[in-house]
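Here is how the chains run, residue by residue.
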Amino acid sequence: MGKKTKLFLPIAILLGIFQLSQAQTIETLKRIENDSVYIDFINPYLAPIEIKLSSLDSTKTFIKGNSYGVLKHMDTLKNALILPVNRVKDTSKINLKRFIQFKANFGDPNSKIDRTYEYSLPFPRGKRYKIIQSFGGNFSHNKPHSKYAIDIGTQIGDTITAIRPGTVFFVKEDSTEHCRTPKCVDKGNKVLILHDDGSIANYVHLDFDGALVAVGDRVEDSEPIAISGMTGFTTIPHLHLVIHQSRGISIPFKFKGQNTKKLKKGRFYKRKH
């Protein structure tokens, strides 16, 4: 029988607008058989995860295992890593970083994203807000994960609503910090929602304790999901909204009633639909 263990491994998972290294995300299952250590990876998230493992130059001669997988919720990548016992100093405390490079991203690369879907603006009907950065913004919307993001000039305490039905699979609301440099990028509170076509909406810079939903909740279009704030890498209060496909790639999207390819920086938009 295998034994669930917490092995030491900084796991890079794309969460919203940044890659967050954290040690306790992917679950592991370890067993020792025939002088080898077998390690499985289990996806505890409600969103699919694409996993890629690669050996280091120093371990290529003896590393074995199943190095790639797309895991749905609670799926297991069996025999992801097979290590000779004589290469492990202490089988109870295996530092996987000594043997492999590990990357994982939310999303299934086989998903068929609906590029024609028209979304609801992420605030209540009748409200109007200014766009402070749109697609391709020079300040921070210039990388693959953020190229098609928009920043909406909400104020602290404003209500954020869902742009499309989906399932909440990640919530961070424990931060009170912000700053003007990327060193605060992992301090941004956020809600991540998986849509039925496999796309993922990221609502970022939310208030402390500002989530109105919990992991596992099914939300409907226009349902209140969070309170806007000023956390993370930001200079002013606002909502950062981006939709990702697999591998953390941002994709263009359009709102109901929108006549142009993107919302214009500096212009106010009122929600009518």
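The numbering scheme is per chain: residues are counted from 1 as the chain's sequence reads. Reporting in this predicted model follows two pLDDT cut-offs: at least 70 for local features of residues, and 80 or more for side-chain atom pairs to be given and counted; totals over whole chains, interfaces and linings ignore these cut-offs and use all residues. Processing note: side-chain calculations cover all non-hydrogen atoms of the structure and skip hydrogens and water entirely.

(A) Inspection of the overall build of the protein at higher detail. Going along the chain from the N terminus, every DSSP run of H or I of four or more residues is numbered as a helix, and every run of E of two or more is numbered as a strand. A count of helical and extended segments in the protein gives zero helices and 23 strands. Expected size for 273 residues packed as a compact globule is a radius of gyration near 19 Å; at 20 Å, the protein falls within 12% of this value. Dimensions of the protein along its principal axes, counting C-alpha atoms only, are 65 × 35 × 30 Å. Burial statistics for the protein: of 273 residues in total, 51% are counted as buried. Put simply, of all contacts in the protein between residues at least 6 apart along the chain, 69% involve residues at least 24 apart. Values of accessible area rely on a 1.4 Å probe in the Shrake-Rupley scheme; residue burial ignores everything except the protein chains shown. By element, 48% of the accessible surface of the protein is carried by carbon and sulfur atoms, the whole surface being about 13500 Å². In summary, the charge assignment counts Lys and Arg as positive and Asp and Glu as negative, without counting His or the chain termini. Lysine's charge is taken at NZ, arginine's at CZ, aspartate's at CG and glutamate's at CD. Taken as two groups, the 42 positive and 25 negative side-chain charges of the protein have centres that lie 8 Å from each other. Put simply, the radius of gyration uses C-alpha atoms, and a globule should come to 2.2 Å times the residue count raised to 0.38. The buried label goes to any residue with under 20% of its type's maximum accessible area, the exposed label to any with over 50%, and the partly exposed label to all in between, with areas taken from a 1.4 Å probe on protein chains only. Any two residues whose heavy atoms approach within 4.5 Å are treated as being in contact.

(B) Quick peek at the state of the cysteines. A pair of cysteine sulfur atoms is labelled a disulfide when the two atoms are within 2.5 Å. Following the criterion strictly, the structure yields one disulfide and no others. What pairs with Cys179 in a disulfide is Cys184, and their sulfur atoms sit 2.1 Å apart. In this structure, the disulfide formed by Cys179 and Cys184 twists by about 125 degrees around the S-S bond and is classed as right-handed. In this pair, the class of Cys179 matches that of Cys184, namely buried.

(C) The pattern of salt bridges, seen in detail. Think of a salt bridge as a Lys or Arg side-chain nitrogen and an Asp or Glu carboxyl oxygen that are within 4 Å of each other. With the rule as written, the count across this model stands at 10 salt bridges. Of the charged contacts in the structure, one is a salt bridge between Lys172 and Asp174, with a shortest N-O distance of 2.6 Å. Taking relative accessible area as the criterion, Lys172 reaches 18% and is therefore assigned buried. With a closest N to O distance of 3.9 Å, Glu177 and Lys187 form a salt bridge. Placement of Glu177 in the loop between strand S14 (166–172) and strand S15 (178–179) and of Lys187 in the loop between S15 and strand S16 (189–194) is noted, with a sequence separation of 10 residues between them. Since its relative accessible area comes to 42%, Glu177 is described here as partly exposed. Taken together, the salt bridges that share partners define one network made up of Arg31, Glu33, Asp40 and Lys78.

(D) Region of interest: unusual backbone geometry. The phi torsion at His205 lies on the positive side, around 80 degrees, for a residue other than glycine. Here His205 lies in strand S17 (residues 200–211). A residue is classified by how much of its surface remains accessible, and His205, at 3% relative accessible area, is buried. A positive phi angle, close to 65 degrees, is found at Arg247, a residue other than glycine.

(E) Summary view of the nonpolar core. Throughout, nonpolar core names a set of buried Ala, Val, Leu, Ile, Met, Phe, Trp, Tyr and Cys residues whose side chains join them through atoms within 4.5 Å. In this structure, Tyr203, Ile225 and Phe255 are the most contacted members of the largest nonpolar core, which totals 31 residues. At the level of secondary structure, the elements contributing two or more residues to this core comprise strand S11 (128–133), strand S12 (150–152), S16, S17, strand S19 (224–228) and strand S21 (239–244). Setting aside chain neighbours within four positions, we find Ile225 in contact with Ile160, Thr161, Ala162, Val191, Ile193, Tyr203, Gly210, Ala211, Leu212, Val213 and Val219. By size, the runner-up hydrophobic cluster in this structure holds 29 residues, among which are Val88, Phe99, Ala104 and Leu194.

(F) Region of the structure containing the side chain of Thr154. Following the sequence through the fold, Thr154 ends up in the loop between S12 and strand S13 (159–161). Classification of Thr154 as buried rests on a relative accessible area of 1%. Only 2.7 Å separates the side chain of Thr154 from the side chain of Ser228, close enough to count as a polar contact. As used in this structure description, the phrase polar contact means that two N or O atoms lie within 3.5 Å; if the pair is within protein, one of them must be able to donate a hydrogen and the other to accept it, and residues adjacent in sequence are counted only when both atoms belong to side chains. Side-chain polar atoms of Thr154 contact the backbone nitrogen of Leu239, separated by 3.2 Å. When sequence neighbours within four positions are dropped, the list of residues in contact with Thr154 reads Tyr129, Ile160, Ser228, Pro237, His238 and Leu239.

Don't take any of this as a statement about function, it's just geometry.
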